[in-house]
Amino acid sequence: MIGNYVPHGVEYIRILPEILLCIFGILIMVLEAVTAEGQKRMLGVLALVGIVVAFAANLYAYTVPGQAFQNVITIDAFATFFRGLVLVVGLLCVFASLGYLRRQHAESGEYYSLILFSLIGQCILSTANELIMVFIGLEISSIATYVLAGYFRDDRRNNEAALKYFLLGSFATAFLLYGIAWCYGLTGSTNLNEIHRVISDPGLRPPVVLTGIAAALILIGLLFKVSAAPFQIWAPDVYQGAASPVTAFLSAGPKAAAFAVLLRIFMTGFGSFSFRWAPLLWSIALLTMIIGNFAALTQSNVKRLMAYSSIAHAGYILVAITADSQLGIAAVMFYLAAYALMNIGAFVVIGHVAAKNERYVRIEDLAGLAKRQPATAALFALFVFSLIGVPLTGGFFAKFYVFRAALEAHLVWLTVLGLATSAVAAFYYLKIVVAMYMKEPGESMADLAPLSSGTRVAVWAAALGTLILGIFPSVLLPFLSYSASMLGRQ
Amino acid sequence: MPTTYAETYFPLLIQILIALAVAGGMIGASAFVGRKIKDRVKNSPYESGMEPVGNARERYSVKFYLVAMVFILFDIEAIFLYPWAVVYRELRLFGFFEMLLFIALVLCGFFYIWKKGVLDWSTEAHGEREQENKRVA
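Analysis parameters
- Every chain's residues receive numbers from 1 upward, in the order its sequence appears when written.
- For this description, chains carry letters from A and ligands carry numbers from 1, given in the order in which they are written.
- A pLDDT threshold of at least 70 governs which residues receive local features in this predicted model, and a stricter bar of 80 or more applies before side-chain atom pairs are shown or counted, although totals over entire chains, interfaces and linings include all residues.
- Starting at the N terminus, helices and strands are each numbered in turn, a helix being any DSSP run of H or I of at least four residues and a strand any DSSP run of E of at least two.
- What the globule rule says is 2.2 Å times the number of residues to the power 0.38, and the radius of gyration is computed from C-alpha atoms.
- Exposed residues have 12 or fewer other C-beta atoms within 10 Å of their own C-beta, buried residues have 20 or more, and residues in between are partly exposed; the C-beta atoms are placed from the backbone.
- Two residues qualify as being in contact provided that their C-beta atoms, derived from the backbone, are within 7 Å of each other.
- One less than the number of residues in a helix, times 1.5 Å, gives the span that helix is expected to have.
- The seven residues ending at a residue and the seven starting there each receive a fitted axis; the angle between those axes is the bend at that residue.
- The angle between two axes is taken between their N-to-C directions and runs from 0 to 180 degrees, where each axis is a line fitted to C-alpha atoms and a helix contributes only its stretch in contact.
- Each angle receives one of four descriptions, namely roughly parallel if under 35 degrees, roughly antiparallel if over 145, roughly perpendicular if within 65 to 115, and oblique otherwise.
- Three categories are distinguished: nonpolar for Ala, Val, Leu, Ile, Met, Phe, Trp, Tyr, Cys and Pro, charged for Asp, Glu, Lys and Arg, and polar for the others, with Gly belonging to the last.
- A residue's pLDDT is the predictor's confidence in that residue, given on a scale from 0 to 100.
- This arc corresponds to the set of directions leading from the helix axis out to the C-beta atoms.

1. So, the overall build of chain A
So, point 1. Of regular secondary structure, chain A possesses 21 helices and two strands.
So, point 2. A compact globule built from 490 residues should have a C-alpha radius of gyration of about 23 Å, and chain A, at 22 Å, falls within 12% of that.
So, point 3. Considering only C-alpha atoms, chain A reaches an extent of 70 × 55 × 40 Å along its principal axes.
So, point 4. The burial tally for chain A puts 59% of its 490 residues in the buried class.
So, point 5. The long-range share in chain A, meaning contacts at least 24 apart out of those at least 6 apart in sequence, stands at 80%.

2. Points about helix α11 (residues 244-269) of chain A
Residue and element names in this part refer to chain A.
So, point 1. Over its 26 residues, α11 runs 36 Å from end to end, which matches the ideal 38 Å to within 8%, given 1.5 Å per residue.
So, point 2. Of all the bends in α11, the largest measures some 25° and sits at L250, one to four residues before the proline P254.
So, point 3. Among the 26 residues in α11, 26 count as buried, and that is most of the element.

3. A closer look at the packing of helix α6 (residues 131-149) of chain A against helix α7 (residues 156-187) of chain A
Residues and elements named next belong to chain A.
So, point 1. Contact geometry of α6 with α7 gives a least axis separation of 9 Å together with a crossing angle of 175°. Judged by the angle between their axes, α6 and α7 are roughly antiparallel. For the pair α6 and α7, contact is made by L131, F135, L138, E139, S142, Y146 and A149 and by N158, A161, A162, Y165, F166, G169, T173, L176, L177, I180 and C183, respectively.
So, point 2. Considered class by class, the residues forming the contact of α6 with α7 number 13 nonpolar, four polar and one charged.

4. Considering the interface of chain B and chain A
So, point 1. With ten residues of chain B at the contact, the number on the chain A side is eight residues.
So, point 2. Classifying every residue of the side of chain B that touches chain A by side-chain character gives seven nonpolar, no polar and three charged.

5. Some remarks on unusual backbone geometry
Residues and elements named next belong to chain A.
So, point 1. Cis peptide bonds are those with omega within 30 degrees of zero, and the linkage from A229 to P230 qualifies with 0°.
So, point 2. Of note, P230 is situated in the loop between α9 (208-225) and α10 (234-241).
So, point 3. The backbone of S227 sits at a positive phi, close to 55°, despite the residue not being glycine.
So, point 4. Within the secondary structure layout, S227 lies in the loop between α9 and α10.
So, point 5. Using a count of 28 C-beta atoms within 10 Å as the deciding quantity, one classes S227 as buried.
So, point 6. Residue D324 is not a glycine yet carries a positive backbone phi of 50°.
So, point 7. Residue position: D324 is located in the loop between α13 (302-323) and α14 (326-353).

6. A short note on the confidence of the model for chain B
All names here are of chain B.
So, point 1. Here chain B shows a mean pLDDT of 82. Residues at 70 or above account for 87%.
So, point 2. Mean pLDDT values for the elements of chain B range from 59 in helix α6 (residues 123-136) up to 93 in helix α2 (residues 10-33).
So, point 3. Taken over the whole predicted complex, pTM reads 0.88, whereas the ipTM for its chain interfaces reads 0.79.

7. Quick look at the environment of I136 of chain A
Residue and element names in this part refer to chain A.
So, point 1. Checked against the element boundaries, I136 lands in helix α6.
So, point 2. The class of I136 is partly exposed, set by 16 C-beta atoms lying within 10 Å.
So, point 3. Spatially, the C-alpha atoms of I136 and L125 are 8.3 Å apart, while their sequence positions differ by eleven residues.

8. Describing helix α3 (residues 41-62) of chain A
Each α-helix winds once per 3.6 residues, and so residues spaced three or four apart point in a common direction.
All names here are of chain A.
So, point 1. Here α3 is 22 residues long and its end C-alpha atoms lie 32 Å apart, about the 32 Å a rise of 1.5 Å per residue gives.
So, point 2. Every buried residue belonging to α3 is among L43, G44, L46, A47, G50, I51, A54, A57, N58 and A61, and all of these are buried. Buried residues in α3, looked at end-on, bunch into an arc of 150°, giving them a common side. Exposed side of α3, more than 90 degrees from the buried face: V49 and L59 are the residues found there.
So, point 3. The inward-facing, buried residues of α3 contact α1 (9-14), α2 (16-34), β2 (73-75), α4 (77-104) and α5 (109-127).

This is how it looks when you write it as structure tokens:
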């Protein structure tokens, strides 16, 4: 049977982005070893080229949709969207890192390779149609990000972040793997379509309780990765400790990929059980929104504040998943796109103001930014308003679609409570704006350097994306609805 | 051909006996023929190895971990080669090129650690090489 199996050429085209990222990642590693100290920046540029090429390959792969390698991978609109999203996240973070690493005098090829390797894992997660593939993708993505979190190894906070991320992340992966093992034991397959077929068939269906345990274990593993309550404890420490561009990457890329997997497993694999998992997600979504938003109120460290805000945003996204509809899936996708752009933008500005070795990361350190660098302050304000959900920004439509999907699914209480917590959120977000615009500049502003070119590209691109999503959401919506309808139909 | 259940396992029994005989013979022969020195060093559990009793917070050279990691890199390569060799005939040319690719990737890793100086065991050697490179350049 093995002998007959030789993959088709078209199957390689379907994983072309992963192949290209792999080639570029290894190329950067090898070149790192022979590049002179002053020219390490070129490796970052090479990483940018790699991501752009992979993005093009992602679009090309979409011209031949279908499954590959004995159905372990599916290339459809949904997968293409998420693969594109994580690549954009990677691109913005590499741009931001160019400036950040130069300021730290820590330019090196390994950093960029690790980002590319992590992106490979996230691309695999976006396309996986099989639980073992999910596990492999998650490991590839996570191991690279564990190292990235502790990249500046002389920095204590970096070390703390890496260790915490590694320990809790491995723990979460163990849960996921245990769930996969249960799933295989119950259904005899790790393929999502096959799992769906077995648990929907009254003749073959395994006991509901056991299926529930399997699904719950997988859910715990994935909720860890998206930092949803009650598995969110790692996020603030890790986001605070890791370097700002790395935090931007962690809060957007792996999260988007984990949500892609969550959707695919629970819409495709356990789709016929939604009446059982939806109530569970209802309470998790509510808890996540409450914990994220209320904990953020008391933070004085702006990175920590943003970490809690990112937990809250995971809660909003879970609201849309709870809706369990095509509208909900499209809302999740839109939200993740808007969230990735505004969150990366915000973290990049925070990293810029923090100055060398991230000395200035309190909210007060942002005081007077509007006087010293009006453009930077205006862009940061834009990201903050988008995070609040003010109209004309991507964040507004993101929240609008999420809560519309929730209302159409008759989740009235969840909508009301969710909107109430997001009103609380406005308070702590506005603290940032008040500090920037209404306070006198302090010590941090004296040390403020001009925006480096890479950072500038990242911030402006993120701002542009946020505005486009806020003013013309229709550029993305038809594609998202189509992707969602394809996912729901399987 | 073996006919009964017991007969099929008879070769195994012989192998166990031979293994016991070889092991027992070696220990016995060394006890019988070998010279016996009994001092403190000889009686320690690991004669030329580490001290088994002492402070647990001793510091290791970072090279210890580097070597361990490099060992894993190449050990994994070897482990993957075994199952591949078993199905090599069935996989034909596809399997050949897949494994070639895998080994090429491992070689990239080897090149990386080599150039990074992991294989230079003493700091002096590393410094000398650097100087030599400078002279050449």
